[in-house]
Amino acid sequence: MSGTLSPPVRWTPPGVFVALALTLAVGWLVVTVDGGRLFSQPTIVSLLHVAAGLGLVAVGQTLVVVGGSLDLSVAYTVSLSTLVAAEAMAGDDGALLPAIALTLAVSAAIGLVNGLLVTLARINPFIATVGVGLLLKGYLDNGYDGPAGKTAPVLVQGLGYQRVGPVPLAFLLLLAVAAAAWFVLARTRFGHHLIAVGGDPEVARLSGVRTGRVLVTAHVLCALCAGLAGVYLAGRLGAGAPRVGTEGLYDLESIAAVVLGGTALAGGRGGVVGTVGGVLLLASIDAVFNQLDVDVFFKQVIRGVIIIAAVAVYARRAMRKAS
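Bear in mind that the values here come from a model prediction, so they are computed numbers and not experimental data. (Residues numbered from 1 in each chain as written. Predicted model: local features only at pLDDT ≥ 70, side-chain atom pairs only at ≥ 80, totals over all residues. Heavy atoms only, no water.)

**Let's talk about the environment of A95**
Here comes step 1: Positionally, A95 belongs in the loop between α4 (74-89) and α5 (96-119).
Here comes step 2: Given the relative accessible area of 16%, A95 is considered buried.
Here comes step 3: Sequence separation of A95 and T151 is 56 residues, and the distance between their C-alpha atoms is 9.7 Å.
Here comes step 4: Ignoring sequence-local partners within four residues, the contact set of A95 consists of A88 and M89. (Helix = DSSP H or I, 4+ residues; strand = E, 2+ residues; numbered from the N terminus. Buried < 20%, exposed > 50% of the residue type's maximum accessible area, 1.4 Å probe, protein only. Contact = heavy atoms within 4.5 Å.)

What follows is the structure in structure tokens.
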């Protein structure tokens, strides 16, 4: 039983960090030749802010993907969370903590619904989470025409724009959340059970793991991370934004970061360290393209090529190990 429940949780491929270093080196050279400055403080701050929002969502996505599931409702959860936070705060610093608590409670409820649909109703995670996402989309489209609410000034000044040197507080929050998720996966019974469920749900069940409870918990944690990203974006924008999650492509981008970080989409293998590397890689590509004023369509094409190449490399590596 101990062999089944203790897979190699520390496995993190170094490839994403090599790709990150190469991207920054080549990007710096190209931007310098073009007459720009890639490593200026404004560019670094902007890069880390992009990484903070996406990273919070991607860390939560890692947990469900490791468990063999998926959450495609995160973009709408992020959007709804900005609105709940901003409307509950209504510009009042005194309402900050209750508003954050309410936002996380709403997010957790969405994650609970996702988890129950996947485990009790036995609906495919893709279908279940897309369905929940569409329900949220309908509510957002019908209830909001644009920004709503007003974020508490202390949140705007702190989480939205405060920095320690060139490092935004939001990025430090991402590192703290990623460290907590790493600890959960590597050092707790729940983490071992989650990886076991992702590796082989039937074997995990026969070993005494409550697979349903594990997956529901993973979905709740994922939604909480999306809710936290929504709180950050509300602080960044100063108001709730009903389409910020979908415009930021947080659903597909978070999955891309997870895959680039080496987590297997089939579940049972991966971790948040690689995911953070994937997030930084995507944010660095954005920073380089923004410096070069690259067309948005071309930017998405390059991202797609990078993701496909990464998946191909990991698939070949897995085939070699299997043989």
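**Details of the packing of helix α3 (residues 41-66) against helix α11 (residues 211-237)**
Here comes step 1: At a minimum axis distance of 7 Å, the contact between α3 and α11 shows a crossing angle of 170°. Of the possible angle classes, the one that applies to α3 and α11 is roughly antiparallel. Residues H49, A52, G53, L56, V57, G60, Q61, L63 and V64 of α3 pack against A218, H219, L221, C222, C225, A226, L228, A229, Y232 and R236 of α11.
Here comes step 2: Split into classes, the residues belonging to the contact of α3 with α11 amount to 13 nonpolar, five polar and one charged. (Axes fitted to C-alpha atoms, helices over the stretch in contact; angles between N-to-C directions. Parallel < 35°, antiparallel > 145°, perpendicular 65-115°, else oblique. Nonpolar A, V, L, I, M, F, W, Y, C, P; charged D, E, K, R; others polar.)

**Let's talk about the environment of V59**
Here comes step 1: Looking at the secondary structure, you find V59 in helix α3.
Here comes step 2: Spatially, the C-alpha atom of V59 lies 23 Å from that of V209, the residues being 150 residues apart in sequence.
Here comes step 3: Among all residues touching V59, those that are not within four sequence positions of it are L174, V177, A178, A181, V272 and T275.

**Some words on the nonpolar core**
Among soluble globular proteins, nonpolar side chains are generally buried collectively.
Here comes step 1: Within the largest apolar cluster, 80 residues are counted, with the highest numbers of intra-cluster contacts made by V78, M89, L194 and L280.
Here comes step 2: Each residue touching V78, except ones within four places of it in the same chain, is listed here: V57, A226, A229, G230, L233, V244, G245 and Y250. (Core = buried A, V, L, I, M, F, W, Y, C linked by side-chain atoms within 4.5 Å.)

**Some thoughts on a nonpolar patch on the surface**
Here comes step 1: On the surface, V26, W28, L29, V30, V33 and F39 cluster together into a nonpolar patch covering about 600 Å² of accessible area.
Here comes step 2: By the secondary structure assignment, F39 is in the loop between α2 (15-33) and α3. (Patch = residues over 30% accessible without salt bridge, like charges linked within 9 Å, V, L, I, M, F, W, Y side chains within 5 Å. Areas by Shrake-Rupley, 256 points an atom, 1.4 Å probe, with all protein chains shown as cover. Salt bridge = Lys/Arg side-chain N within 4 Å of Asp/Glu carboxyl O.)

**Quick notes on the confidence of the model for the chain**
Here comes step 1: Averaged over every residue, the pLDDT of the chain is 90; residues scoring 70 or more account for 93%.
Here comes step 2: Confidence over residues 1-13 falls short of pLDDT 50; this stretch has 28 contacts with residues more than four positions distant or in other chains. (pLDDT = per-residue confidence, 0-100.)

**Some remarks on the pattern of salt bridges**
Here comes step 1: Counted under the stated rule, the structure contains three salt bridges.
Here comes step 2: Its salt-bridge partner being K137, residue D141 comes within 2.7 Å of it at the nearest N-O pair. You can see D141 and its partner K137 sitting in helix α6 (residues 125-143), four residues apart, about one turn around the helix.
Here comes step 3: Overlapping salt bridges bring together K137, D141 and R243 as one network.

**Considering the packing of aromatic side chains**
Here comes step 1: Within this structure, the stated rule accounts for two aromatic pairs.
Here comes step 2: Between Y139 and Y144, the aromatic rings sit 6.1 Å apart at their centres with planes inclined by 80°, giving edge-to-face as the arrangement.
Here comes step 3: Among the residues examined, Y144 registers a relative accessible area of 11% and is labelled buried.
Here comes step 4: Ring plane angle 45° and centroid distance 6.5 Å describe the contact between F289 and F298, whose orientation is recorded as tilted.
Here comes step 5: For F289, a relative accessible area of 11% corresponds to the buried category. (Phe/Tyr/Trp six-rings, centres within 6.5 Å; stacked < 30°, edge-to-face > 60°.)

**Considering helix α7 (residues 153-160)**
Each full turn of the α-helix corresponds to 3.6 residues, which orients residues three or four apart in the same direction.
Here comes step 1: Of all the residues in α7, the buried ones are L155, G158, L159 and G160. Take α7 and look down its axis: the buried residues cluster within an arc of 160°, on one side only.
Here comes step 2: In this structure, the buried residues of α7 make contact with α3, α4, α5, α8 (169-187) and α11. (Arc of directions from axis to C-beta.)

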